[in-house]
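Coordinates in review
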Amino acid sequence: MSRKLNIKIIGAGPTGSLLAIALADSECNISIFDHKNINELKSRNRAYALTHSSRKLLEYLNLWTLLKEKTNKFSKLTVQDSTVNRFINFNLSNLSIKNRSSGGIGWIINHIDLMDVIYKRLLEYKNINFQITQETNYDLENYDYVIAADGTQSKSRINWNIGSFKFKYNQCCFTSKVLVRNGENDRAFEVLREEGPFAILPMKDDIYQVVWSASLEKCKTLKNNNKSYVLDRISSIMPMSYQPDVMIEDSNYYSNYFSIARSFYRNRFILVGEAAHSFHPVGGQGLNLCWRDIYQLTRLIKFSQKYRNKFDNFIPFIYFLLRIPDVIFVALSTDSLVRVFSNNNNFLILIRKISFLLLKRSKLLKTNILSLMTNGINIVN
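Below you will find a few notes about this structure. Just so it is clear, the structure is predicted and the values come from calculations on it, not from any experiment.

The rules behind these values
- Residues numbered from 1 in each chain as written.
- Predicted model: local features only at pLDDT ≥ 70, side-chain atom pairs only at ≥ 80, totals over all residues.
- Heavy atoms only, no water.
- Helix = DSSP H or I, 4+ residues; strand = E, 2+ residues; numbered from the N terminus.
- Contact = heavy atoms within 4.5 Å.
- Buried < 20%, exposed > 50% of the residue type's maximum accessible area, 1.4 Å probe, protein only.
- Core = buried A, V, L, I, M, F, W, Y, C linked by side-chain atoms within 4.5 Å.
- Pairing = 2+ DSSP bridges.
- Expected span 1.5 Å × (residues − 1).
- Arc of directions from axis to C-beta.
- 1 Å grid on protein atoms, 1.4 Å probe; cavity = no way out; pocket = protein on both sides within 12 Å on 5 of 7 lines; lining within 4 Å.
- Points joined across faces, edges and corners; volume = space filled by probe spheres on them.
- Nonpolar A, V, L, I, M, F, W, Y, C, P; charged D, E, K, R; others polar.
- Axes fitted to C-alpha atoms, helices over the stretch in contact; angles between N-to-C directions.
- Parallel < 35°, antiparallel > 145°, perpendicular 65-115°, else oblique.
- Phe/Tyr/Trp six-rings, centres within 6.5 Å; stacked < 30°, edge-to-face > 60°.
- Lys NZ or Arg CZ within 6 Å of the ring centre and 35° of its normal.

Attention shifts here to the environment of V117. With respect to the element layout, V117 can be found in helix α6 (residues 111-122). Taking the C-alpha atoms as reference points, V117 and N226, 109 residues apart in sequence, are found 34 Å from one another. Setting aside its immediate chain neighbours within four residues, V117 contacts L63, L66, L67 and K70.

Below, the discussion takes up helix α3 (residues 52-60). Among all positions of α3, only H52, S53, S54, R55, L57 and L58 are buried. Just past α3, the residue N62 takes up positive phi, approximately 60°.

The next thing to look at is the nonpolar core. Judged by nonpolar contacts, the single largest core of 97 residues is most densely connected at I7, I147 and W291. Counting residues per element, this core draws most heavily on helix α11 (residues 315-341), which supplies 10 residues. The contacts of W291, once residues within four sequence positions are left out, are P14, T15, L18, L50, S54, L57, L58, L114 and I118. I200, V210, L222 and M247 belong to the second largest nonpolar core, which has 21 residues in total.

Strand order across the open sheet formed by 6 strands is β8-β2-β1-β9-β17-β16, with mixed pairing between neighbours. At either margin of the open sheet sits one strand with a lone partner, and together these are β8 (128-132) and β16 (265-266). Of the pairings in the sheet, the one linking β16 to strand β17 (residues 269-271) comprises 2 bridges and is antiparallel in character. Of the residues in β17, the one forming a bridge with Y265 is I270.

With 13 residues, helix α13 (residues 363-375) extends 18 Å from end C-alpha to end C-alpha; this agrees with the ideal 18 Å at 1.5 Å per step. Within α13, the full set of buried residues consists of K366, T367, L370, T374 and N375. All buried residues of α13 fall inside an arc of 130° around its axis, so they share one side. At its buried positions, α13 is contacted by α3, β5 (76-81), β6 (86-90), α5 (97-100), α10 (286-306) and α12 (346-361). Two residues or fewer past α13, G376 is found with a positive phi of approximately 75°.

To continue, consider the pairing of strand β13 (residues 207-214). Counting buried positions over the 8 residues of β13 gives 8, a clear majority of the element. The two faces of β13 match: I207, Q209, V211 and S213 on one face and Y208, V210, W212 and A214 on the other face are all buried. Pairing geometry for strand β10 (residues 164-181) and β13, over 8 bridges, is antiparallel. From the neighbouring strand, K177 faces β13, where its bridge partner is Q209. A loop of 4 residues connects strand β12 (residues 198-202) with β13, the two strands running antiparallel in sequence, and D205 in this loop sits at a positive phi of about 60°.

Let's shift gears to empty space enclosed by the protein. Applying the stated criterion across every chain yields a total of 1 cavity of 30 Å³ or more. For the largest cavity, the calculated volume is near 40 Å³. Lining the largest cavity, in full, are N45, R46, T175, S176, K177, Q209, E249, D250, S251 and N252. It is β10 that provides the largest number of residues to the lining of the largest cavity, a total of 3 residues. Here the residues of the lining of the largest cavity are counted per class, giving no nonpolar, 6 polar and 4 charged.

It is worth spelling out the packing of α11 against α12 at this point. Between α11 and α12, whose axes approach to 9 Å, the crossing angle comes to 120°. Looking at the two axes, α11 sits oblique to α12. Residues R339, V340 and F341 of α11 form the contact with α12, whose own contacting residues are L348, R352 and F356.

Once that is clear, we can look at the sheet that holds strand β3 (residues 47-50). Read across the open sheet, the 3 strands follow the order β3-β7-β4; overall the sheet is antiparallel. The open sheet terminates on both sides in strands that have one partner only, identified here as β3 and β4 (72-74). Averaged over all pairs of adjacent strands, the angle between their axes in this sheet comes to 25°, without regard to strand direction. The pairing of β4 with strand β7 (residues 106-110) spans 3 bridges and is antiparallel. Opposite N72, over in β7, you have I108 as the bridge partner. Of the strands in this sheet, β3 and β7 touch α6, which is tilted by about 85° from β7.

This part takes up the environment of L364. Residue placement: L364 occurs in helix α13. Residues L364 and I294 lie 70 residues apart in sequence; the distance between their C-alpha atoms is 30 Å.

Counted under the stated rule, the structure contains 17 aromatic pairs. Ring plane angle 90° and centroid distance 5.6 Å describe the contact between F189 and Y242, whose orientation is recorded as edge-to-face. In this pair, F189 is assigned in strand β11 (residues 187-192) and Y242 in the loop between α9 (227-237) and β14 (243-247), connecting sequence segments 53 residues apart. A ring pair is formed by F258 and F279, whose centres lie 5.2 Å apart and whose planes are at 55°; its orientation type is tilted. Of the two residues, F258 sits in strand β15 (residues 252-261) while F279 sits in the loop between β18 (277-278) and α10, which places them 21 residues apart along the sequence. The class of F279 is buried, set by a relative accessible area of 13%. Taken together through their ring pairs, the aromatic side chains of F165, F167, Y169, F258 and F279 make up a single cluster. Taking NZ or CZ as reference, K166 lies 4.9 Å from the ring centre of Y257, over its face. If you follow K366 out to its NZ or CZ, it ends over the ring of F90, 5.7 Å from the centre.

Purely geometric stuff here, so don't read any function into it on its own.
Right, dumping it as structure tokens:
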């Protein structure tokens, strides 16, 4: 008979809390710590684009049926280069056959709606102990593993002396929710511009999440100006028929970082999510990449339990080995998109024109790219 593992999770955001549920389902005893209470953790003003890798994890955890009702599904995706005036459309026919039946390329969900469902489920588990604490003990104490899901500025990573390769982009990210007339509520846009990518994510009731990458000065100007000014600037970038009417909530902006921990573990300390990796938001890969960490780590722990915990000591290393290809792929692809498309270099402009031409002519290439965007790189299915 396998021994029940005692696991401490530091950080109760979308990644830490979903990891707690996944491990509790695997009959582990979980203690999850955060310095914020649940209402504070739910109050972030943002939205997420969920891909098929996240959908599959949520189905595995029996959460998808509850969450799907709160999402807005999009079945069309337009990627546009505003400098060379080229675009490519992705639709359901470009998905793999397995994913096509879901009816969507992706799903947009509000942070508060997502966390409402996750916390309601989390609090139902008798083997999950949620604790609010201002001072976190990073030692193993009586735990088999301590797992850090405490974000990009992870204090756990620093405490465990795990270094990282990190730099800050010269672009920040301005976000806002906007009510739009004459929009397509089943189409998302990624507009690649010289100053940075501009994403338009359709939510319910004609509301769109705008994710605008630009210089720090530009983002500050947008944040500090009146709403009419911001709506005018958004309108100048949106597709011709789209008419932004009202800003629904207060806007915000944050810095864009590239960060990969040099290792995702030290002994029995493990990093997941943005504690291990954080990249530019272009392509909407962030949360989905974090949740693929959960999928892999949970499967490894279940595998070890199946064989009476004989492989427990190897789990952190194998987890790192299995996750690093996917993380490196997302790191390189997002960074390359920003560097190649956020400039007017003549050689790169030629490369961009050729890339769009190839995508227009090759359905197989479109399918492979969309598969990588929505599934990630899975070493083990």
